[in-house]
Amino acid sequence: MQTLFPKRLTPSAFSPFGEVLSFDPERSRLVNDGRALRFDTDTRFDHASPDGEPVLAVYRAIGGPLPMRLVTFERHPLSSQTFIALSAERFLIVVAPENRAGLPDLARAEAFVGHRSEGVNYARNLWHAPIAAIGADGDFLMFMWESGSPEDCVFHHLHEPLVVGSIQPFAE
């Protein structure tokens, strides 16, 4: 059984898989009569279906401890997918590039830990584990395009669980 140890979620570490979303006060501007700061991310949402429409949803993820056993990966061939932690203090992100057979390459899988007010934008067609809160339950804002076809979400059930181990001191 393979065990992954999560890394700190940073834009550079996550860049092969998509973008990290978080507020950057250094790149923000004053709006709303001076009552708010607005930061426009560099993220651009990708979708490949002309029939799709944008979907904004709130997910409540049931929290759990690490180590965590993962048995399913999913991907979205027609759209990137964004999750932003609204109330989850910590959350688990597990991604895997595609292997030659078109399935998740678990030998190259990576795990990250995000924190409240952070988010990720998974690249279109990227294999990833379902969103998971670490510790207490947590709410997430989710955005993607959906067409109503089976390609909106493709699942792969693992023959053997992938274990994400306890958080180690992060190495930069």
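Look above for the structure.
Residues numbered from 1 in each chain as written. Predicted model: local features only at pLDDT ≥ 70, side-chain atom pairs only at ≥ 80, totals over all residues. Heavy atoms only, no water.

Participant: Requested: an account of the overall build of the protein, with residues and values cited.
Facilitator: Scanning the protein from terminus to terminus reveals one helix and 15 strands. A compact globule built from 172 residues should have a C-alpha radius of gyration of about 16 Å, and the protein, at 16 Å, falls within 12% of that. Dimensions along the principal axes, computed over C-alpha positions, put the protein at roughly 55 × 45 × 30 Å. Out of the 172 residues in the protein, the part that is buried amounts to 44%. The contacts in the protein between residues at least 6 apart in sequence include a share of 83% that link residues at least 24 apart. Positive and negative side-chain charges of the protein, numbering 15 and 22 respectively, have mean locations separated by a distance of 4 Å. (Helix = DSSP H or I, 4+ residues; strand = E, 2+ residues; numbered from the N terminus. Rg over C-alpha atoms; globule rule 2.2 N^0.38 Å. Buried < 20%, exposed > 50% of the residue type's maximum accessible area, 1.4 Å probe, protein only. Contact = heavy atoms within 4.5 Å. Lys, Arg positive; Asp, Glu negative; His and termini not counted. Charge placed at Lys NZ, Arg CZ, Asp CG, Glu CD.)

Participant: A description of the layout of surface pockets should follow, citing residues and the corresponding values.
Facilitator: Size it by volume and the largest pocket reaches roughly 270 Å³. Around the largest pocket, the lining is made up of 14 residues, and of these Leu21, Thr41, Phe45, Thr82 and Ile84 lie nearest the centre. Of all the elements in the fold, those that place two or more residues in the lining of the largest pocket are β8 (81-85) and β14 (138-146). When its residues are assigned to classes, the lining of the largest pocket shows ten nonpolar, four polar and no charged. One number sums up the size of the second largest pocket: a volume of about 220 Å³. Pro11, Val20, Arg27, Phe39 and Asp42 are, among the 13 residues lining the second largest pocket, the residues nearest its centre. The element best represented in the lining of the second largest pocket is strand β3 (residues 18-21), accounting for four residues. For the lining of the second largest pocket, the per-class residue count stands at four nonpolar, five polar and four charged. (1 Å grid on protein atoms, 1.4 Å probe; cavity = no way out; pocket = protein on both sides within 12 Å on 5 of 7 lines; lining within 4 Å. Points joined across faces, edges and corners; volume = space filled by probe spheres on them. Nonpolar A, V, L, I, M, F, W, Y, C, P; charged D, E, K, R; others polar.)

Participant: A description of the sheet that holds strand β6 (residues 53-61) should follow, citing residues and the corresponding values.
Facilitator: Each strand in a sheet pairs with its neighbour through backbone hydrogen bonds, running either in the same direction (parallel) or in the opposite one (antiparallel). Within the open sheet, the five strands sit side by side as β3-β11-β8-β14-β6. Their pairing is antiparallel. Whereas interior strands pair on both sides, the edge strands pair on one side only; in this sheet they are β3 and β6. Averaged over all adjacent pairs, the angle separating strand axes in this sheet is 15°, with direction ignored. As paired elements, β8 and β14 share five bridges and run antiparallel to each other. When the sheet's bridge partners are listed, threonine 82 is paired in β14 with phenylalanine 143. (Pairing = 2+ DSSP bridges. Axes fitted to C-alpha atoms, helices over the stretch in contact; angles between N-to-C directions.)

Participant: Before we move on, could you go through the pattern of salt bridges and cite the residues and values that matter?
Facilitator: All told, the structure shown has ten salt bridges when counted by the stated rule. Aspartate 33 is the salt-bridge partner of arginine 35, the closest N and O atoms lying 3.9 Å from each other. Side by side, arginine 35 and aspartate 33 carry an identical accessibility label, which is exposed. Between arginine 60 and aspartate 139 there is a salt bridge, and its shortest N-O distance comes to 2.6 Å. One end of the pair, arginine 60, is in strand β6; the other, aspartate 139, is in strand β14, with 79 residues separating them in the sequence. With a relative accessible area of 16%, aspartate 139 lands in the buried category. Via salt bridges that share partners, Arg29, Arg38 and Asp40 belong to a single interconnected network. (Salt bridge = Lys/Arg side-chain N within 4 Å of Asp/Glu carboxyl O.)

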